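Listed below are the residues making up each chain.
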Amino acid sequence: MSVTKEAAGAVTVLRIGNGPVNALSVGNGFVTEIGDAFAAAEADQDCAAIVIAGEGRMFCGGADIGDFDGDPASLDTLRNMQLGVENSGKPVIMAIHGVALGGGLELAMAGHYRIAQAGTKLGMPEVTLGLLPGGGGTQRLPRLTGAAAALDMMLSGKPVSAERALEIGLVDKVVEGDVVAAALALAAEALPPVRPSGALPVPADKAEAVEAARAKLRPGALSQAPARIVDCVAALSDDLASGLAVEARLFGELMASEASRGLRHVFFGERKVARIPGLSSDVRPRPIARVGVVGGGLMGTGITIALLNAGLSVTMVELREEALAKAGATIAKTIQRDVDKGRIAQDKADARLAAFTPAGSLDALGDVDLVIEAVFEDIGVKEEVFTALDRITKPEAILASNTSTLDLDAIAAFVSDPSRVVGLHFFSPANIMRLLEVVRGKATAPEVLVTAMDFAKRIGKVGVVAGVCDGFIGNRIFEEYLRQAWFLLEEGALPQQVDAAMEAWGMAMGPCRTMDLAGQDIGWAVRKRRAVEQPDRPYSGVIDRICEMGRFGQKTGKGIYLYPDGRTAEPDPEIDRLIIEYSAEIGLERRTISDEEIVSRCVLAMVNEGAHIVGEGIAYRPVDVDMIYLYGYGFPRERGGPMFHADVIGLPAVLESIRTYAAGRHGWAWEPAPLLVDLAARGETFEILNA
Ligand code: 3HC
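Rules and cut-offs
Residues numbered from 1 in each chain as written. Predicted model: local features only at pLDDT ≥ 70, side-chain atom pairs only at ≥ 80, totals over all residues. Heavy atoms only, no water. Helix = DSSP H or I, 4+ residues; strand = E, 2+ residues; numbered from the N terminus. Rg over C-alpha atoms; globule rule 2.2 N^0.38 Å. Contact = heavy atoms within 4.5 Å. Areas by Shrake-Rupley, 256 points an atom, 1.4 Å probe, with all protein chains shown as cover. Lys, Arg positive; Asp, Glu negative; His and termini not counted. Charge placed at Lys NZ, Arg CZ, Asp CG, Glu CD. Expected span 1.5 Å × (residues − 1). Near = heavy atom within 4 Å. Polar contact = N/O pair within 3.5 Å; in protein donor to acceptor, adjacent residues only side chain to side chain. Nonpolar A, V, L, I, M, F, W, Y, C, P; charged D, E, K, R; others polar. Buried < 20%, exposed > 50% of the residue type's maximum accessible area, 1.4 Å probe, protein only. Axes fitted to C-alpha atoms, helices over the stretch in contact; angles between N-to-C directions. Parallel < 35°, antiparallel > 145°, perpendicular 65-115°, else oblique. Left-handed = near helix turned anticlockwise from the far one by under 90°. Salt bridge = Lys/Arg side-chain N within 4 Å of Asp/Glu carboxyl O. Phe/Tyr/Trp six-rings, centres within 6.5 Å; stacked < 30°, edge-to-face > 60°. Lys NZ or Arg CZ within 6 Å of the ring centre and 35° of its normal. Pairing = 2+ DSSP bridges. Domains from an automatic or database assignment.

The next point concerns the overall build of the protein. Along its length, the protein carries 28 helices and 17 strands. By the compact-globule yardstick of 26 Å for 691 residues, the protein fits well, its C-alpha radius of gyration being 28 Å. Across its three principal directions, the C-alpha atoms of the protein cover 85 × 60 × 50 Å. Sequence separation of 24 or more characterises 72% of the internal contacts of the protein that already satisfy a separation of 6 or more. When the accessible surface of the protein is summed, it comes to about 27800 Å², and 55% of that surface belongs to carbon and sulfur atoms. Across the protein, the mean location of the 68 positive side-chain charges is 2 Å away from that of the 91 negative side-chain charges.

Given 3.6 residues per helical turn, the α-helix brings residues three or four places apart onto the same face. Compared with an ideal rise of 1.5 Å per residue, which puts 13 residues at 18 Å, helix α17 (residues 446-458) spans 18 Å between its outermost C-alpha atoms and is within 8% of the ideal. Looking at the residues trailing α17, positive phi occurs at G460, about 80°.

Near the ligand lie 26 residues; those nearest to it are R57, A63, G103, E106 and E126. For the ligand, a nitrogen atom lies 2.9 Å from a polar atom in the backbone of G61. The contact in question runs from an oxygen atom of the ligand to an N or O atom on the side chain of R271, over 2.9 Å. Surface burial for the ligand is 74%, taken as the share of its 980 Å² of free accessible area covered by protein chains. Counting residues per element, the ones that place at least two in the shell around the ligand are α3 (103-110) and α11 (258-272). Considering each element in turn, the shell around the ligand owes the most residues, 3 residues, to α11. When grouped by side-chain class, the residues that make up the shell around the ligand number 14 nonpolar, 6 polar and 6 charged.

Quick look at unusual backbone geometry now. Here S428 and P429 are connected by a cis peptide whose omega angle stands at -10°. Its place among the elements puts P429 in the loop between β15 (421-426) and β16 (435-440). Of note in the backbone geometry, N22 takes a positive phi value of approximately 55° without being a glycine. Tracing the backbone shows N22 in the loop between β2 (11-17) and α1 (30-43). Since its relative accessible area comes to 1%, N22 is described here as buried.

Bringing the packing of helix α27 (residues 651-662) against helix α28 (residues 674-681) into the picture now. Here α27 crosses α28 at 135°, and the two axes come no closer than 8 Å. The pairing of α27 with α28 is recorded here as oblique in orientation. Here α27 and α28 pass one another in a crossing that is left-handed. Residues L651, P652, V654, L655, I658 and R659 of α27 lie in contact with α28, whose contacting residues are L676, V677, L679 and A680. Taken together, the residues that form the contact of α27 with α28 break down as 9 nonpolar, no polar and 1 charged.

Our next topic: the pattern of salt bridges. Applying the stated criterion across every chain, the model contains 44 salt bridges. For D367, the salt bridge goes to R290, with nearest N and O atoms at 3.7 Å. With a gap of 77 residues between them, D367 in the loop between β12 (356-359) and β13 (370-373) and R290 in strand β10 (residues 290-294) connect regions that are remote in the sequence. Using a relative accessible area of 38% as the deciding quantity, one classes R290 as partly exposed. A network of salt bridges, in which partner residues are shared, links E490, E491, R591, E597, R601 and R665.

Taken as a whole and judged by the stated rule, the model has 10 aromatic pairs. Pairing F478 with Y633 gives two aromatic rings, centres 5.2 Å apart and planes at 40°, and the pair type is tilted. Of this pair, F478 sits in helix α18 (residues 474-491) while Y633 sits in the loop between α25 (622-632) and α26 (642-649), and the two are 155 residues apart along the sequence. Look at F478 and you get buried, because its relative accessible area is 10%. Three or more aromatic residues joined by ring pairs form one cluster here, namely F427, F478, Y481, Y629 and Y633. Just above the ring of W524 sits the side chain of K528; from NZ or CZ to the centre is 3.7 Å.

Turning next to the sheet that holds strand β7 (residues 121-123). Strand order across the open sheet formed by 3 strands is β5-β7-β8, with mixed pairing between neighbours. Of all strands in the sheet, those with a lone pairing partner are β5 (99-101) and β8 (160-161), marking the two edges. Judged from the 2 bridges that link them, β7 and β8 form a sheet pairing that is antiparallel. Bridged to L122 within β8 is V160.

The next point concerns the sheet that holds strand β4 (residues 92-96). One open sheet accounts for 6 strands, arranged β1-β2-β3-β4-β6-β9; its pairing is mixed. Strands with a single pairing partner mark the edges of an open sheet, and in this sheet they are β1 (2-8) and β9 (173-175). Strand-to-strand twist across the sheet, computed as the mean angle between neighbouring axes with direction ignored, equals 20°. As paired elements, strand β3 (residues 49-54) and β4 share 4 bridges and run parallel to each other. In the sheet register, V51 faces β4, and the bridge partner there is I93.

Inspection of the secondary structure puts K326 in helix α13 (residues 321-340). Along the primary structure K326 and G296 are separated by 30 residues, whereas in three dimensions their C-alpha atoms are 8.2 Å apart.

Per the domain assignment, the segments of the protein are domain 1 (2-256), domain 2 (290-466) and domain 3 (474-690). Taken over C-alpha atoms, the centre of domain 1 sits 44 Å from the centre of domain 2.

What follows is about the packing of α18 against α25. Helix-helix packing is described using two parameters, namely the angle between the two axes and the distance between the axes. Running from N to C, α18 and α25 point in directions that differ by 75°, and their axes come no closer than 10 Å. Between α18 and α25, the interaxial angle falls into the category roughly perpendicular. Contacts between α18 and α25 involve G474, I477 and F478 from the former and V625, I628 and Y629 from the latter. Classifying every residue of the contact of α18 with α25 by side-chain character gives 5 nonpolar, 1 polar and no charged.

Relative to β2, β1 runs antiparallel, the two being bridged by 7 bridges. By the bridge assignment, V3 is partnered in β2 with I16. The turn joining β1 and β2, which pair antiparallel and follow one another in sequence, is formed by 2 residues; a positive phi near 65° is taken by G9.

Along the chain, the position of T304 falls in helix α12 (residues 298-309). Residue classification places T304 among the buried residues on the basis of a relative accessible area of 0%. Setting aside anything within four residues of it in sequence, one finds T304 in contact with V293, V314, M316, I331 and F356.

And the structure:
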């Protein structure tokens, strides 16, 4: 951390440097150091103007998110430092390069002139953290850009380009090349009188923009940040101080909210899961340029599209000629759709397609760096493929299986060097879903694991490492979630109630709709397998009845719901009747089930299984479970993930509920995880295991 000072004639250049993103940390004294350096420059008789620039890759990535777990008043240090800059009698020029986000952009706005290097991104991402710009942003940005443009930036959280920033009045100039040199050149010109952003008049479009933004607020949203941002803009008046006071108060409220705590957990969680505990930083990823995908089904096709979109060359091997042609056509159509929708240019699409090679034999994979197998889930078929790959591929090529149900170690045993085998479990549709479970077999080499995680990042996925067990992390937990959902149906709930309760709680989709979308036949196959493997852990048979009718969900036009237009789920009275009759048949008197019970049982089933999984070492940390649920299963980001949510409830209370369920019907499904029991007894949280 440093603030370096250089004198360039009568201009003082202050360069702020604090770690990778120059975060404005109050906690480590960095903000105070900036304030002190600024005050010294101002007091310096020889200094006529001040330039503030960022050290390293960027101007500033914002306030330090790590500070927000503390006292909201600590942010006053940041606000006062910015006021000091704004109220300076000397012209202050902000020389912005790379990135100016959140508190970083707020610092820039406290200056009197802003010059941005072309290519710089300027934004207000606080809303994505369940916060509002709390360093004067809600009061200064609308004054500079007008209320509509400011609300757009603050509510979307999306950054704008330097060129757009110039257009809306956020910056005064955009330059190519050295931005500090440009700032010095500007300082050498006769500058117009100092014009603090906070002294600009309230924008004329305030009332109209506030009304329009309010009308678009989502009722029932878990995060109150969008509504409070609009409140702050509504509070704009000629009295800057009163607007800033409203902003500071609302910021403090949001900072303490569950939604912001959850979203901040996600911010750090996404980065934490990329780190593999116990691995030396000497273990470097291998370069991956050419990839082979084996299998041209739905999964293989989705994976191929994801890889082509990331700029990789892909050879797809599919032995069935017709299936290969179909996969090729789907790939071309999907990529072309991105052009039609204006997402990419035609030449980019052409380049992506040119990087695709269809092949009818595994022999085409002799020079690839990585193979991803996505063939039928049958160990005999996997044996054939991996035995052939062992022979055909380069010895240093990584061999990955997309299996979701088979034992990765058994698959690795088909290869003479099992250390090059890893699991890459994509989620369907693989070109859309962000999650990638990276499965570490018992022989997987550290370098192979690191390469797989690096590869995940490269193709835009959130990679999370899982150990080998049936269902890995995601599906193993999902099974317990569904078990409760189906029990709830036979005990008295109807599908539409279960789904509505879970969706109101924040899940992207309730369990009934999810399985209708995934295909009820998939769950049916699992249940049939489990009936043999785990006869002492029965499922409700109610969904089997629906499957027996050939109703597999959206793809068959009917599942738990009806799909008259092929997409929209409509409750079906016939299914309601079937469920009610099923309860009678198994001798259960149906009871009224509250939405609270639905949510509690479904969510705590996830938590308990998640705790088993962490305790067994299948997941490295609770945060790995959280990220899997956010990116693969539609868990609400604002709740941070199941394990974070359990911390919010408090582990003793979680355990107490689980014990109550354990004493009830199908209590065997609620064996409390030893890790949960231990942490609750010690008054600890899952969070301590994330460090
Ligand atoms: N506070 C604390 N740490 C931060 C941070 C921040 N604002 N921004 C990034 N970091 C940390 C990351 O956690 C990561 O740490 P790690 O190496 O220990 O994992 C490290 O900096 C590097 O971050 P990235 O890996 O994300 O680096 P990239 O180069 O890929 O991206 C970035 C840089 C675009 C700045 C990206 O980090 C980012 O989007 N950061 C968050 C920006 C943000 O939300 N700013 C607003 C903060 S809230 C605020 O300012 C409130 C104010 O209004 C009062």
